Amino acid sequence: MDTQTSVRLQQRSLHILDFGCIIMNDTLTSDVIGRRVDVNGEHATVRFYGIVPPVAGLWLGVEWDNPERGKHNGSHEGTVYFKCRHPTGGSFVRPNKVNFGVDFLTAIKNRYVLADGPDEDGKKQIVTIGNKPVETIGFDSVVKQQSQLSKLQDISLRNCAVSCAGDKGGIAEACPNIRNVDLSRNLLSSWDEVTDIVNQLAHLEVLNLSENKLRFPPDSPSPTGTFTTLKVLVLSQTGITWAEVLRCAAWWPGLVELYLESNSISISERPVDVLQTLRLLDLSSNRLIDEKQLFLIAYLPRLEQLILSDTGISSLHFPDAEIGCKTSMFPSLQYLVLNDNQISQWSFINELDKLPRLQALSCLRNPLTESSRAETTRQFIIARIGQLQTLNRCTILPEERRGAELDYRKAFGNEWKKAGGHQDPAQNRLNQEFLAAHPRYHSLCLKYGAPEDGELKTQQPFLLKNQLLTLKIKYPNQLDEKVIEKQLPDSMTIQKVKGLLSRLLKVPALDLLLSYESPKMPGREIELENDHQSLQFYSVENGDCLLVRW
């Protein structure tokens with residue numbers, strides 16, 4: 001077998017070696033069926049070999065990964081030679097046009113080792129030892145290659161036409177230290193071929209097999225220790241089913257991260273005795289998944305990150321948790337990704353507050369988040385999920401949370417009153433409809449106090465008099481300065497407030513440090529640290545006191 005070039009099927013004949021690569025011979029066997037091939041850069045699967053009358057010679061019938069590349073569904077002049085999932089997914093091609101790929105070790109050498117030319121060992125060569133060029137004659141290229149390969153730990157063979165392991169033991173001997181392998185978009189056709197490779201990588205921790213159309217074993221494997229060191233596995237766009245995931249998972253006893261994007265997966269059963277070490281699960285772009293299926297994975301004990309982008313999910317309800325209570329599902333979940341879905345109701349966000357350990361959420365490009373002002377939506381999500389620390393990859397600072405919760409409390413204050421809310425907690429008679437729509441509202445009243453009638457008056461935002469705040473201004477470090485009272489627009493930025501005070505006090509604005517106190521939160525001082533934010537952003541209200549230091 002030529003290790004410098006990929007092996008091609010010839011028109012007349014071919015033979016399948018035990019290790020799965022193809023060479024010339026004078027018989028054609030059925031082992032060709034199901035093999036993955038490359039034809040001019042396009043990937044396909046062999047579905048047929050033989051004669052296609054009336055044209056003489058051997059043909060291969062292939063089903064393209066890209067159905068637009070094909071011409072028919074596997075039929076020719078009324079005869080069905082093979083079947084395709086798409087009506088234009090098939091073609092007939094001559095064997096000499098098809099690339100069946102190379103073995104793993106050949107691909108590594110092609111990418112990571114400089115190929116030696118003919119008679120190179122007899123020529124003078126210049127090599128560098130330390131910083132000095134040294135002339136050598138008869139340089140031992142085999143030793144050089146072995147040295148290069150043995151040092152490799154992280155390798156990428158993406159789109160290198162890898163189709164099999166090659167000679168038994170060859171990988172383990174040449175590359176004993178590999179820990180991270182990217183085998184995405186190659187010509188691997190079955191899980192057995194993957195196993196033959198991984199069996200020789202004793203230290204493998206990360207394996208990317210995405211975009212390989214793999215056949216998975218029909219039965220549960222006997223535990224052989226093949227993948228015992230594996231921590232991260234990427235199986236996106238491999239065609240794997242959920243049943244196959246659970247069958248193969250016995251091979252991955254220590255798996256921490258599993259990526260299953262774009263496989264048309266439907267979660268059909270609960271993992272039992274498998275995937276128990278999993279901390280991250282990516283189910284993105286599997287559009288058959290719904291909330292009931294999610295409950296089947298809700299008790300994975302260590303699952304911390306769940307990625308559900310582009311699944312089409314639109315509703316969520318934890319049946320085991322009443323309003324204001326925590327669910328027993330997803331006990332370790334800290335980070336949830338819900339981008340590009342169909343979430344349109346605030347009830348979905350309310351349910352997320354039931355997750356006991358949720359700290360980070362990403363929910364971009366949903367109808368709910370696209371239908372109103374981004375700033376308002378962000379505030380309401382923060383207010384509705386009490387333990388959230390990061391939203392859409394932006395950290396939620398304590399000042400932002402306080403402002404969001406106070407604004408939310410004010411925004412729905414009139415609804416709260418109409419639903420039976422009262423400033424005296426003992427006289428609260430909130431109806432179930434309001435409690436279901438705003439499950440955190442009561443806790444916010446306990447935290448900040450019930451909204452007062454003055455806060456709930458209908459505002460006229462275009463009249464300046466309705467936006468003015470009456471504030472006291474104190475100087476804690478300057479006892480000789482008198483406390484004054486000023487009316488400032490709530491839209492005034494901290495930078496402009498500093499400019500006003502700078503002119504008043506004859507002190508450079510850069511030297512001023514501002515904070516404020518609220519009668520509603522005695523003993524607590526809130527820093528006004530962002531010069532570009534407004535007083536309203538920090539939820540400064542009538543009667544609050546600005547503290548000025550320099």
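Anything mentioned here points back to the structure above.
Cut-offs and rules
- Residues numbered from 1 in each chain as written.
- Predicted model: local features only at pLDDT ≥ 70, side-chain atom pairs only at ≥ 80, totals over all residues.
- Heavy atoms only, no water.
- Helix = DSSP H or I, 4+ residues; strand = E, 2+ residues; numbered from the N terminus.
- Buried < 20%, exposed > 50% of the residue type's maximum accessible area, 1.4 Å probe, protein only.
- Contact = heavy atoms within 4.5 Å.
- Areas by Shrake-Rupley, 256 points an atom, 1.4 Å probe, with all protein chains shown as cover.
- Axes fitted to C-alpha atoms, helices over the stretch in contact; angles between N-to-C directions.
- Parallel < 35°, antiparallel > 145°, perpendicular 65-115°, else oblique.
- Left-handed = near helix turned anticlockwise from the far one by under 90°.
- Nonpolar A, V, L, I, M, F, W, Y, C, P; charged D, E, K, R; others polar.
- Polar contact = N/O pair within 3.5 Å; in protein donor to acceptor, adjacent residues only side chain to side chain.
- Core = buried A, V, L, I, M, F, W, Y, C linked by side-chain atoms within 4.5 Å.
- 1 Å grid on protein atoms, 1.4 Å probe; cavity = no way out; pocket = protein on both sides within 12 Å on 5 of 7 lines; lining within 4 Å.
- Points joined across faces, edges and corners; volume = space filled by probe spheres on them.
- Pairing = 2+ DSSP bridges.

(A) Representation of the overall build of the protein chain in the model. Broken down by element type, the protein chain carries 14 helices and 28 strands. With 550 residues in all, the protein chain has 48% of them scored as buried. In the protein chain, the share of contacts with a sequence separation of at least 24, taken over all contacts with a separation of at least 6, comes to 66%. Surface exposure of the protein chain reaches about 27,800 Å², of which carbon and sulfur atoms provide 50%.

(B) Inspection of the packing of helix α10 (residues 398-411) against helix α13 (residues 441-448) at higher detail. Interaxial distance between α10 and α13 falls to 10 Å at its minimum, and their mutual angle equals 115°. Taken together, the axis directions place α10 and α13 in an arrangement best described as roughly perpendicular. Of the two possible hands of crossing, α10 and α13 adopt the one that is left-handed. Here α10 contributes Arg401, Arg402, Glu405, Leu406, Tyr408 and Arg409 to the contact with α13, which in turn contributes Tyr441, Leu444, Lys447 and Tyr448. Classifying every residue of the contact of α10 with α13 gives five nonpolar, no polar and five charged.

(C) Structural context of helix α1 (residues 104-112). Residues Phe104, Leu105, Thr106, Ala107 and Ile108 constitute the buried set of α1. Where α1 begins, the side chain of Asp103 points an oxygen toward the backbone nitrogen of Leu105, at a separation of 3.1 Å.

(D) Fine view of unusual backbone geometry. Pro53 connects to Pro54 through a cis peptide bond whose omega is 5°. Following the sequence through the fold, Pro54 ends up in the loop between β4 (42-52) and β5 (55-64). If you check the backbone angles, Ser264 has positive phi at about 55° while not being a glycine. Within the secondary structure, Ser264 is located in the loop between β17 (257-259) and β18 (280-282).

(E) Quick peek at the nonpolar core. One finds Trp191 and Trp252 to be the most contacted residues of the largest nonpolar core, which totals 85 residues. Listed by contribution, the elements that provide at least two residues to this core are α1, α3 (170-174), α4 (191-198), α5 (242-248), α7 (346-352) and α9 (374-384). Beyond its immediate sequence surroundings of up to four residues, Trp191 is in contact with Leu209, Leu214, Arg215, Phe216, Pro217, Phe227, Leu233, Leu235, Cys248, Trp251 and Trp252.

(F) Examining the environment of Cys248 more closely. Here Cys248 shows up in helix α5. Relative accessible area serves as the criterion here: at 0%, Cys248 is assigned to the buried category. Note: C-alpha distance between Cys248 and Pro218 (30 residues apart in sequence) is 9.6 Å.

(G) Up close: empty space enclosed by the protein. As enumerated under the stated definition, the model contains one cavity of 30 Å³ or more in all. Quantified by volume, the largest cavity comes out at close to 90 Å³.

(H) Structural detail: the packing of α9 against α10. Interhelical geometry of α9 versus α10 gives an angle of 95° and a closest axis separation of 8 Å. Taken together, the axes of α9 and α10 are roughly perpendicular relative to one another. Along the contact surface, α9 presents Arg378, Gln379, Phe380, Ile382, Ala383 and Arg384, while α10 presents Glu400, Arg401, Gly403, Ala404, Glu405, Asp407, Tyr408 and Ala411. Its residues assigned to classes, the contact of α9 with α10 comprises six nonpolar, two polar and six charged.

(I) Structural context of the sheet that holds strand β15 (residues 206-208). If you trace the 11 strands from one edge of the open sheet to the other, you get β12-β14-β15-β16-β17-β18-β19-β20-β21-β22-β23, paired in mixed fashion. Among the strands making up the open sheet, the edge pair consists of β12 (154-156) and β23 (394-395). Pairing analysis gives three bridges linking β12 to strand β14 (residues 180-182), with the strands arranged parallel. Bridge pairing in β14 places Ile155 opposite Val181.

(J) Fine view of the pairing of β4. Note: strand β3 (residues 36-39) against β4, four bridges, orientation antiparallel. Directly across from Val39, in β4, lies its bridge partner Glu42. Between β3 and the antiparallel strand that follows it, β4, lie two residues; Asn40 among them carries a positive phi value of about 55°. As paired elements, β4 and β5 share eight bridges and run antiparallel to each other. Looking at the pairing, Ala44 lines up with Trp64 of β5. Adjacent in sequence and paired antiparallel, β4 and β5 are bridged by two residues.

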